[in-house]
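# Fold and contact review
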Amino acid sequence: MTLSRDDVDHVATLARLGLSDAEKTRLLGELEKILEHIARLQQVDTSMLAETAQVGDLINVMRDDETVPPIGAVAALRNAPIADGSHFIVGAIQSSELDG
Amino acid sequence: MTASTITELAAALREGRTTPDALLADALAHLERADAELHAYLTVTRDLAQQQADAAARILRDQPATASPLCGIPMALKDVLCVDGIETTASSKILRGFKPPYTGTAVQRLFDAGAVCIGKTNCDEFAMGSSTENSAFGPVGNPWDVERVPGGSSGGSAATVAAGTVPYSLGSDTGGSIRQPAALSGVVGFKPTYGRVSRYGLIAFASSLDQIGPFTRTVEDCALVYSVIGGPDARDSTCDGRPMDDPLAELRDGVAGMRLGIPREYLGEGTEPGVRAAVEQAFAVLEGLGATLHEVSLPSTDVALSVYYVIAPAECSSNLARYDGVRFGQRVDRPSLTDMYLQTRDAGFGPEVKRRVMLGTYALSSGYYDAYYRQAQKVRTLVGQEFDAVFQQVDALVCPTSPSVAFPMGSRDDPLSMYMCDVVTLPANLAGVPGISVPCGFVDGLPVGLQVIAPRFQDSRVFRVAHAYEQATEWHTARPRFATDAA
């Protein structure tokens, strides 16, 4: 399976990575080599194998639905790059081509 | 301190030969000397350490009989473990300045036992790497040769124990990130059974693989730290609810009569001759102690690397979606939200993180999901079945921890050759089984590690085999110059 420059553009958009052209070119080459190596996965006969859904054997981990004190707005906002004391502040979401 | 174990320091504290204050002063002085060359630390937590040393002194004075063996003893934490109010960056620019609002479970359990945390250790960015060269804040030197890597991703945690600054530290292991640096730095490093140690407060890389575990100078110390951090935790729903067995209970039972398997694929062509020779000598030691050795096969070892490099990037691409410049970490401000995301993540993530996020996003994307992610999860089942099958034949596996000794910085600039570092450690993460690395010799002055792997929840058996080997040899007593020319 070969990778195209369009694939790299598409995946970078999905991953929300604003890569430079030079980075995309470098990644195209690197990812192609890695995917070529990973291609050996396709040679394994998996017709009789189920997917691993979890490593252990846990079933329905439940706890009582008890209210505990929340972290609180002050602590929750302390690490925010921009906040106004009760909200995280971000730019307009409507202006985006990607989200439109 | 520089040569001491937790067990020795705990005895010294109780016999009045030292105090938590004196141990802390020693550790900080050693850190200052060693770190000028090693760069094992990103943050030194003097104030926290002093508070904890003072509290430990009170506990040792008032309740010496019930105090934990860890009480008053300095330690360090990989910078992916959250501590309330202490900068935690995962060695990434995107988290510079981030001070978590809470402390993770494994760390809190150590703090409750009286541990004295002297700092946060350097690592590969978001724990992605095998050399600690992917840290956004510069690489870590190997205490045995500072021009070489200490392994990774928990390189700082391995190096600081090897150098003799602290007797133990915590790291995290997603594909070998505790065991491989332990091997390359000449210390003991343990990855517990998946689900035995809570990941609450661990910055997530790949959630079906990540485990927290200790670095120590002896296997006994390793079991001791594990006995404190392990066990059920309601804050991590993937943490197993079964109570912990005492990991020290069968430590001294020896290996006489045990059946030990040598996976032939783990000593393949990529294994350096010196590593092979050291590990084969270790096999002979174990045989001399009464174990029987059996060649076994894990046929999917080769393809396991491919499974890992689909699943780990896929999970990381999802886990790292949270770094969007909104709630924490760095932001590159732009008028539109999407531009802010794009520029923040481009500026904040380093090359290896971007590579894995791209690879994982691709593997999960429409049209490729079945061929990559779903196929990898099926082959992962096969990897697990092969472990189950060999553990029908043998009690534990013994093998190299790394195909190579510590390599020079900058010598593996091709991503694939770096990924090969983990070829004999990552299958244990895929299968969720416990593994340890214990020092087993040197090649040209560089340490070699012996890996012991056991079935899930047989963590005690890993310690039992490793301890028997360690006690029959002197390798664990060797120290680099940082530990011998000090104080």
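Residues numbered from 1 in each chain as written. Chains lettered and ligands numbered in written order. Predicted model: local features only at pLDDT ≥ 70, side-chain atom pairs only at ≥ 80, totals over all residues.

### What about the overall build of chain B?
Helix and strand counts for chain B come out as 16 helices and 11 strands. Looking at the 487 residues of chain B, the share that counts as buried comes to 63%. Long-range pairs, those at least 24 residues apart, make up 76% of the contacts in chain B with a sequence separation of at least 6. (Helix = DSSP H or I, 4+ residues; strand = E, 2+ residues; numbered from the N terminus. Buried ≥ 20, exposed ≤ 12 C-beta atoms within 10 Å, placed from the backbone. Contact = placed C-beta atoms within 7 Å.)

### Brief notes about the interface of chain B and chain A
Opposite the 54 residues of chain B that make contact, chain A presents 44 residues. At the level of elements, helix H9 (301-319), helix H10 (337-348), helix H11 (351-364), helix H12 (370-393) and helix H13 (415-419) of chain B are the ones that each hand at least two residues to the side of chain B that touches chain A. Top element by residues in the side of chain B that touches chain A is H12(B). It accounts for 11 residues. For the side of chain B that touches chain A, the residue count by class is 25 nonpolar, 17 polar and 12 charged. (Nonpolar A, V, L, I, M, F, W, Y, C, P; charged D, E, K, R; others polar.)

### Quick look at the packing of helix H2 (residues 21-38) of chain A against H11(B)
One can describe the packing of H2(A) onto H11(B) by two numbers: an axis separation of 11 Å at closest approach and a directional angle of 60 degrees. With respect to each other, H2(A) and H11(B) are oriented oblique. Like other packed secondary-structure pairs, H2(A) and H11(B) cross with a definite hand, here right-handed. For the pair H2(A) and H11(B), contact is made by A:Leu27, A:Glu30, A:Leu31 and A:Ile34 and by B:Arg355, B:Met358 and B:Leu359, respectively. Tallied by class, the residues present in the contact of H2(A) with H11(B) amount to five nonpolar, no polar and two charged. (Axes fitted to C-alpha atoms, helices over the stretch in contact; angles between N-to-C directions. Parallel < 35°, antiparallel > 145°, perpendicular 65-115°, else oblique. Left-handed = near helix turned anticlockwise from the far one by under 90°.)

### Comments concerning the domain arrangement of chain B
Residue and element names in this part refer to chain B. Looking at the assigned domains, one finds that chain B contains domain 1 (6-260 + 392-484) and domain 2 (301-378). Computed over C-alpha atoms only, the centres of domain 1 and domain 2 are separated by 27 Å. Mapped by element, the contributors of at least two residues to the side of domain 1 that touches domain 2 are H13 and helix H14 (426-431). With three residues, H14 is the single largest residue contributor to the side of domain 1 that touches domain 2. (Domains from an automatic or database assignment.)

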